Amino acid sequence: MNKKRQTIQYIICDFITAAIVWTLFFFIRNNFIDAYYLIYPELRNHILTDTHYIYGLCFIPIMWIALYYLSGYYKNIYRKSRLKEFLSTFFITIFGTMILFFTIILDDNVPTYKAYYQSYLLLVLLHFVITYIPRFIITTTTIRKIRSRKLGFNTLLVGSNEKAENLYKRLESAKKSAGNKFIGFVNVIEQQEYQMSKYMPHLGKIDEAKNIFKQHNIDEIIIAIESKEHAYIEHILYCLQGTKAIIKAIPDNCDIISGRVSFNSMHDEPLIIISQNVMPIWEEKLKRLFDIIVSVLVLIIGSPLYIFTAIMVKRSSKGPIFYKQERIGQYGIPFNIYKFRSMVVNSEVDGPQLSKENDDRITPWGHTMRKFRLDEIPQFYNVLKGDMSLVGPRPERQFFIDRIVKIAPHYTHLQKVRPGITSLGQVKYGYAQSPEEMASRMKYDIIYIENMSIYLDIKILIYTVKTVISGEGI
C-alpha cells in the first residue's frame, strides 16, 4: 500500500473541491445576494477578475487543507469509516464556514440580514456536498479493496496457541476481510511446539517484537494470548511500547487490558484497541504546527546572535562549529542531534561520557553557552525536520538508554513522543550526570507525557526562557 499516494489523492481532491466551491459560491452570491451587483448588474461580467475572488481562490483551499490536517483527517488514511468521514466532513464544514463568514462574508454589501444567513447556508451546503462526494468515492473504493483482500495491513500476531488459532481462522474465513495480512506470530511462553506454526511463520519471542516490527514493516499487532499468559501482559505491552503499529487485543483479554472496543464495521472482528495516543489528534497536529512556527521565528529573529555564537565557537578552540551526535527519538528511531560545539575535539576518545560539574573537556566559551543554553540553538533545525519537538523528554544515546532500562525498565515509555529541546524533567530536575539521575528525572517526563497539552508546553517554555535569560542554567 502506498499511504503517501493515497494521502496526496485526498489532499488534491480537497483542494480542487474547495476551489470549485469558492467559485460557485462567489458566482451565486454576487448574482443573487450581494447588493452591489444587484444595483450594478453590468459589473457581473467582471466577477472572475474581482480581487476578492482571486485572493480567496489562492488562500481559502489552503485554509481548508490546514483544518483537515489539524483535525487528523489525513491520518490512518486506509482505515476510514464512511459514517465517521460523513460526520467529520459535516462538522469541519460548519466550523470552517464560520471562520470564512466572520472574516470575509460579514463585510459584504447585502440588502438585509437575511442575506447573511443565505450566504452562510449556501456555503455550508456547497462545501459539504462537493467535498464529501469525491471523499466517499475514494474511501468506498479503498474499503472494497480491503474487503476483497486486494489491500492488506502487515499484521503480527502475539500468541501461539488456541485463542490465536481461533482468531486467525475467524479472520481468514470471513467473507469480507478486515484487512489483516498476517506476516507471522511471536510466542509469549517458550514451548516445544506452537499451534500457530501450521498457519504462519514463527518470527521469535515477544522480547524481539521491536526488531520484528522494523524488519517486516508491521502495520498492526493483535494480542491473542491464553489465560495462563495473562501474568505476562505488562511485559507484552512493555515490549510493544514505542511501535507505530496499531495494537489490538481479543475481547477475552479485556479484563487485563484497558482500551476501547473497535467496531467500525458490522463485518469486522470486534477487537480492543490499546490507544497509544497521548493527545487528541487535533492537539497533536496543533503542537506540531506550534513547533514549526516558533522554530522559524526563533531562527530568523535570533540569527545575529547565532552568527556571533558560531564565530565565538570557531575562535575559542580548534574544531568544527557544529557538533553532531546520534540520539534515540520517537518510536526508538535514531536521529542526529545538532549543537554548537561546547567541548574540545575528541572529548570521548575513551567512550561515551556524560558531562559533569567542572568538566575540563568543556571550552571556556562552552561554559558560557551552556549557562545560557546557546549550544542548544541548532536543535530548532531538528524541530523543523520533525526529529524533535520544542517540549518533550530529552533524547539520549542508546549507550545510556541500555543502562537506564536496567534501573528503570519503563524508560522506553518516553519514546512514545518526540523528544524535546526542553522538558519538564529538565525544568524540575536539571541536567543528569549519571544513568541513575536520568532514571530519577524520568518521573517528571512521565508526568508530562500523561498530561501533555499545548497549555503545559507553553508553561514549560515560559519557565525555560525565564531561566535561560537569568543565566541560571537548567
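Placed above this text is the structure.
Report on the accompanying structure. Given the structure is predicted, the values throughout are model-derived calculations rather than measurements. (Residues numbered from 1 in each chain as written. Predicted model: local features only at pLDDT ≥ 70, side-chain atom pairs only at ≥ 80, totals over all residues. Heavy atoms only, no water.)

**A closer look at the overall build of the protein**
Scanning the protein for helices and strands turns up 16 helices and 11 strands. Across the 474 residues of the protein, 49% fall into the buried class. In the protein, 73% of the contacts between residues at least 6 apart in sequence involve partners at least 24 apart. As presented, the protein carries roughly 24,700 Å² of accessible surface, and 61% of it is formed by carbon and sulfur atoms. (Helix = DSSP H or I, 4+ residues; strand = E, 2+ residues; numbered from the N terminus. Buried < 20%, exposed > 50% of the residue type's maximum accessible area, 1.4 Å probe, protein only. Contact = heavy atoms within 4.5 Å. Areas by Shrake-Rupley, 256 points an atom, 1.4 Å probe, with all protein chains shown as cover.)

**Here we look at unusual backbone geometry**
If you check the backbone angles, asparagine 217 has positive phi at about 55° while not being a glycine. Considering the arrangement of structural elements, one finds asparagine 217 in the loop between helix 7 (209-216) and strand 4 (220-223). For asparagine 217, a relative accessible area of 54% gives the class exposed. Non-glycine residue arginine 373 carries a positive phi angle of around 60°. Note on placement: arginine 373 falls in the loop between helix 11 (364-371) and helix 12 (379-385).

**Quick notes on helix 8 (residues 233-240)**
Of the positions making up helix 8, those classed as buried are Ile233, Ile236, Cys239 and Leu240. Along helix 8, the residues classed as buried sweep out an arc of 120° about the axis, all on the same side. Residues of helix 8 that are buried in the fold lie against strand 1 (153-158), helix 7, strand 4 and strand 5 (246-249). The first or second residue beyond helix 8 is glycine 242, which carries a positive phi of 90°. (Arc of directions from axis to C-beta.)

**A closer look at a positive patch on the surface**
On the surface, Arg82, Arg144, Lys175 and Lys176 cluster together to form a positively charged patch. Note that arginine 82 resides in helix 4 (residues 82-103). Look at arginine 82 and you get partly exposed, because its relative accessible area is 34%. (Patch = residues over 30% accessible without salt bridge, like charges linked within 9 Å, V, L, I, M, F, W, Y side chains within 5 Å. Salt bridge = Lys/Arg side-chain N within 4 Å of Asp/Glu carboxyl O. Lys, Arg positive; Asp, Glu negative; His and termini not counted. Charge placed at Lys NZ, Arg CZ, Asp CG, Glu CD.)

**Quick word on helix 7**
Three or more residues of helix 7 are buried, namely Ala209, Ile212 and Phe213. Here the buried residues of helix 7 occupy an arc of 105° about the axis, which is enough to place them on one side. Exposed positions of helix 7 whose direction lies more than 90 degrees from the buried face are Lys214 and Gln215. Close packing links the buried residues of helix 7 with strand 1, strand 2 (180-187), strand 3 (202-205) and helix 8.

**Considering the packing of helix 9 (residues 281-301) against helix 16 (residues 454-470)**
The interhelical angle for the contact between helix 9 and helix 16, taken along N-to-C directions, is 30°, at an axis separation of 10 Å. Looking at the two axes, helix 9 sits roughly parallel to helix 16. Contact residues: helix 9 offers Glu283, Leu286, Lys287 and Phe290, while helix 16 offers Ile454, Asp457, Ile458 and Leu461. (Axes fitted to C-alpha atoms, helices over the stretch in contact; angles between N-to-C directions. Parallel < 35°, antiparallel > 145°, perpendicular 65-115°, else oblique.)

**Some points on the nonpolar core**
Within the largest apolar cluster, 39 residues are counted, with the highest numbers of intra-cluster contacts made by Phe340, Leu390, Tyr411, Tyr448 and Ile460. The element best represented in this core is helix 15 (residues 435-450), accounting for 5 residues. Aside from chain neighbours lying at most four places away, what touches isoleucine 460 is Val391, Thr422, Ser423, Leu424, Val427 and Tyr448. Residues Val21, Trp22, Phe26 and Leu151 belong to the second largest nonpolar core, which totals 26 residues. (Core = buried A, V, L, I, M, F, W, Y, C linked by side-chain atoms within 4.5 Å.)

**A look at the pairing of strand 2**
Counting buried positions along strand 2 yields 6 of 8 residues, so the element is predominantly enclosed. Here 6 bridges tie strand 1 to strand 2, and the two strands are oriented parallel to one another. Residue pairing in the sheet places leucine 157 in a bridge with phenylalanine 185 of strand 2. For the segment spanning strand 1, helix 6 (residues 162-173) and strand 2, crossover handedness is right-handed. Inspection of the sheet shows strand 2 paired to strand 3 by 3 bridges, in the parallel sense. Looking at the pairing, valine 186 lines up with glycine 204 of strand 3. (Pairing = 2+ DSSP bridges. Right-handed = clockwise from strand over helix to strand, strands pointing away.)

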